[in-house]
Amino acid sequence: MRTDPNIIITGTPGTGKTTHSEALAERTGLRHISVNQVVKDRECHEGWDEEFSSWIVDDDKLLDALEEDNVKAGGCIIDWHGCEIFPESWIDLVVVLRVDSSTLYDRLSERKYSETKLQENLDSEIMEVLLQEARDSYDEQIVVELTSNSVDDMESNIDRIEAWITQWKKDHADESEA
Ligand code: ADP
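Here the structure is a predicted model, which is why all the values come from computation and not from measurement.

## Some words on the site of the ligand
Link 1 in the chain: Taken together, 15 residues lie near the ligand, and Gly 14, Lys 17, Thr 18, Thr 19 and Arg 111 sit nearest.
Link 2 in the chain: Separating an oxygen atom of the ligand from a side-chain N or O atom of Thr 19 is a distance of 2.4 Å.
Link 3 in the chain: Measuring from a nitrogen atom of the ligand, one finds a backbone N or O atom of Val 151 at 3.3 Å.
Link 4 in the chain: Contact with the protein chains covers 74% of the free accessible surface of the ligand, which is 560 Å².
Link 5 in the chain: Using a 2 Å cut-off from the grid points, one finds that the ligand occupies the largest pocket.
Link 6 in the chain: The element best represented in the shell around the ligand is helix H1 (residues 17-28), accounting for three residues.

This is the structure in structure tokens:
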């Protein structure tokens, strides 16, 4: 039984996962787990993909590392551009961030992504790849799609997720008392 929820913040690179996760962690005291950082620091990969400038992730090693960090005990904000590998039993809410193509183009261009990587990510956002992955992997009731085009969007998203966390904790405290 978790006393704090586990939340996945997912979406195409550039949609605002890290920015949202950091702000939420600061506000709520939950632990921000940057999965990219875990992959890199704990070497949960089979090398570097030059074309896409990203690690080739070893899912088993990654899950072992997250298990070692006791993620399933709760209280984590899991920040990653994927969500299907986490056991359903670990997760209480899946937030999928979405942005307009022109906004995403500007954000990714600023990162100096290669043309291949930029195009792949724009296509992925247009095709709703992450939203579909979330819907295929988790109960639809725990999957929420939120827009992240502007700072106002972000502030209202953070307020909403924080309110959800407060309610979740209240409900689960009531359950454990019952
Ligand atoms: P991700 O972790 O999904 O790759 P980041 O959180 O690193 O995305 O955000 C990418 C860039 O976009 C950063 O420069 C960030 O400040 C900006 N950004 C993210 N979300 C928003 C938003 N809702 N409004 C304005 N800028 C944003």
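From this point on, the discussion continues.
## Re the packing of helix H4 (residues 101-110) against helix H5 (residues 115-126)
A pair of packed helices is captured by two measures, namely the crossing angle of their axes and the spacing between those axes.
Link 1 in the chain: At a closest axis distance of 10 Å, the pairing of H4 and H5 adopts a crossing angle of 155 degrees. For the element pair H4 / H5, the angle class is roughly antiparallel. Of the two possible hands of crossing, H4 and H5 adopt the one that is right-handed. Across the interface between the two elements, Ser 101, Leu 104, Tyr 105, Leu 108 and Ser 109 of H4 pack against Leu 118, Asn 121, Leu 122, Glu 125 and Ile 126 of H5.
Link 2 in the chain: Taken together, the residues of the contact of H4 with H5 sort by class into six nonpolar, three polar and one charged.

## Considering the packing of aromatic side chains
Link 1 in the chain: Considering all chains together, one arrives at two aromatic pairs under this definition.
Link 2 in the chain: Plain terms: the ring middles of Trp 48 and Trp 55 are 5.0 Å apart, the flat faces sit at 75 degrees to each other, and that makes the pair edge-to-face.
Link 3 in the chain: Residue classification places Trp 55 among the partly exposed positions, given a relative accessible area of 30%.
Link 4 in the chain: With a centroid separation of 6.3 Å and 65 degrees between ring planes, the pair formed by Trp 80 and Phe 86 is classed as edge-to-face.
Link 5 in the chain: The ring centre of Tyr 113 lies 4.5 Å from the NZ or CZ of Lys 117, which sits over that ring.

## Points about the side chain of Asp 92
Link 1 in the chain: If you trace the backbone, Asp 92 turns up in the loop between strand E5 (76-79) and strand E6 (93-98).
Link 2 in the chain: Assessed through its relative accessible area of 14%, Asp 92 is described here as buried.
Link 3 in the chain: Polar side-chain contacts of Asp 92 include one of 2.9 Å to the side chain of Arg 2.
Link 4 in the chain: A distance of 2.8 Å separates a polar atom in the side chain of Asp 92 from the backbone nitrogen of Asn 6.
Link 5 in the chain: Not counting residues within four places of it along the chain, the set of residues in contact with Asp 92 comprises Arg 2, Pro 5, Asn 6, Ile 142, Trp 164 and Trp 168.

Cut-offs and rules
- Residues numbered from 1 in each chain as written.
- Predicted model: local features only at pLDDT ≥ 70, side-chain atom pairs only at ≥ 80, totals over all residues.
- Heavy atoms only, no water.
- Near = heavy atom within 4 Å.
- Polar contact = N/O pair within 3.5 Å; in protein donor to acceptor, adjacent residues only side chain to side chain.
- Areas by Shrake-Rupley, 256 points an atom, 1.4 Å probe, with all protein chains shown as cover.
- 1 Å grid on protein atoms, 1.4 Å probe; cavity = no way out; pocket = protein on both sides within 12 Å on 5 of 7 lines; lining within 4 Å.
- Sits in = over half its atoms within 2 Å of the grid points.
- Helix = DSSP H or I, 4+ residues; strand = E, 2+ residues; numbered from the N terminus.
- Axes fitted to C-alpha atoms, helices over the stretch in contact; angles between N-to-C directions.
- Parallel < 35°, antiparallel > 145°, perpendicular 65-115°, else oblique.
- Left-handed = near helix turned anticlockwise from the far one by under 90°.
- Contact = heavy atoms within 4.5 Å.
- Nonpolar A, V, L, I, M, F, W, Y, C, P; charged D, E, K, R; others polar.
- Phe/Tyr/Trp six-rings, centres within 6.5 Å; stacked < 30°, edge-to-face > 60°.
- Buried < 20%, exposed > 50% of the residue type's maximum accessible area, 1.4 Å probe, protein only.
- Lys NZ or Arg CZ within 6 Å of the ring centre and 35° of its normal.

Purely geometric numbers; function is a separate question.
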